[in-house]
Amino acid sequence: QVQFVESGGGLVQPGGSLRLSCAASGSIFHAYNMGWYRQAPGKQRELVAHITKGGSTTYTESVKGRFTISRDNAKNTMYLQMNSLKPEDTALYYCNIDPGLPRYWGQGTQVIVSS
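From a predicted model like this one, the values you see are computed outputs, not experimental measurements.

1. Concerning the state of the cysteines
Under the criterion given, the structure shown has 1 disulfide. Across the disulfide from cysteine 22 sits cysteine 95; the S-S distance is 2.0 Å. Classification of the bridge connecting cysteine 22 and cysteine 95 rests on its S-S torsion, roughly 75°, and on that basis the disulfide is right-handed. With cysteine 22 in strand S3 (residues 18-25) and cysteine 95 in strand S9 (residues 91-97), this residue pair connects regions lying 73 residues apart in the sequence. When sorted by exposure, cysteine 22 lands in the same class as cysteine 95, which is buried.

2. With respect to the sheet that holds strand S6 (residues 57-59)
Here we have 6 strands laid out as an open sheet, ordered S2-S10-S9-S4-S5-S6, and mixed in their pairing. Bordering the open sheet on either side are strand S2 (10-12) and S6, each of which pairs with just one other strand. Each strand of the sheet is rotated relative to its neighbour by a mean of 25°, with strand direction disregarded.

3. Brief notes about the packing of aromatic side chains
What the rule picks out here adds up to 3 aromatic pairs. With centroids separated by 6.3 Å and ring planes inclined at 90°, the aromatic side chains of phenylalanine 4 and tyrosine 104 adopt a geometry described as edge-to-face. Here phenylalanine 4 is found in strand S1 (residues 3-7), whereas its partner tyrosine 104 is found in the loop between S9 and strand S10 (109-113), with 100 residues between them in sequence. A single burial state applies to phenylalanine 4 and to tyrosine 104, both of which are buried. Arranged with centres 5.9 Å apart and planes meeting at 75°, the rings of tyrosine 94 and tryptophan 105 form a pair that is edge-to-face.

4. Describing the pairing of S3
Bridging between S1 and S3 involves 5 bridges; their strand directions are antiparallel. Residue serine 7 lies in a different strand from S3, and its bridge partner there is serine 21. Bridge count between S3 and strand S8 (residues 77-82): 6 bridges; the pairing is antiparallel. Counterpart to leucine 18 in the pairing with S8 is methionine 82.

Conventions we followed
Residues numbered from 1 in each chain as written. Predicted model: local features only at pLDDT ≥ 70, side-chain atom pairs only at ≥ 80, totals over all residues. Heavy atoms only, no water. Disulfide = S-S within 2.5 Å. Helix = DSSP H or I, 4+ residues; strand = E, 2+ residues; numbered from the N terminus. Buried < 20%, exposed > 50% of the residue type's maximum accessible area, 1.4 Å probe, protein only. Pairing = 2+ DSSP bridges. Axes fitted to C-alpha atoms, helices over the stretch in contact; angles between N-to-C directions. Phe/Tyr/Trp six-rings, centres within 6.5 Å; stacked < 30°, edge-to-face > 60°.

This is how it looks when you write it as structure tokens:
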């Protein structure tokens, strides 16, 4: 079984930064391609960043140059460094394998970008 726990969200002003963490439990983390997803109210869940088990990364265009996805397989942990945050980044952020599986969606961590 696979469990993911997201943390690191919060309230931040536009232009600020946050670092999200995704801790994997009950899995062999290094074996999975992973993704960070977000869902804003009234919007569909969106894949924000992807990282393969080997460490190659891709990003949705709206976050390129601002967000960085990384992973530490030895710690079974994935990160999302978010810089230059914008109000439109406000959402619940989730981690999951990529492609995501419904049973692996957790509670997420809330990011609010507001003055």
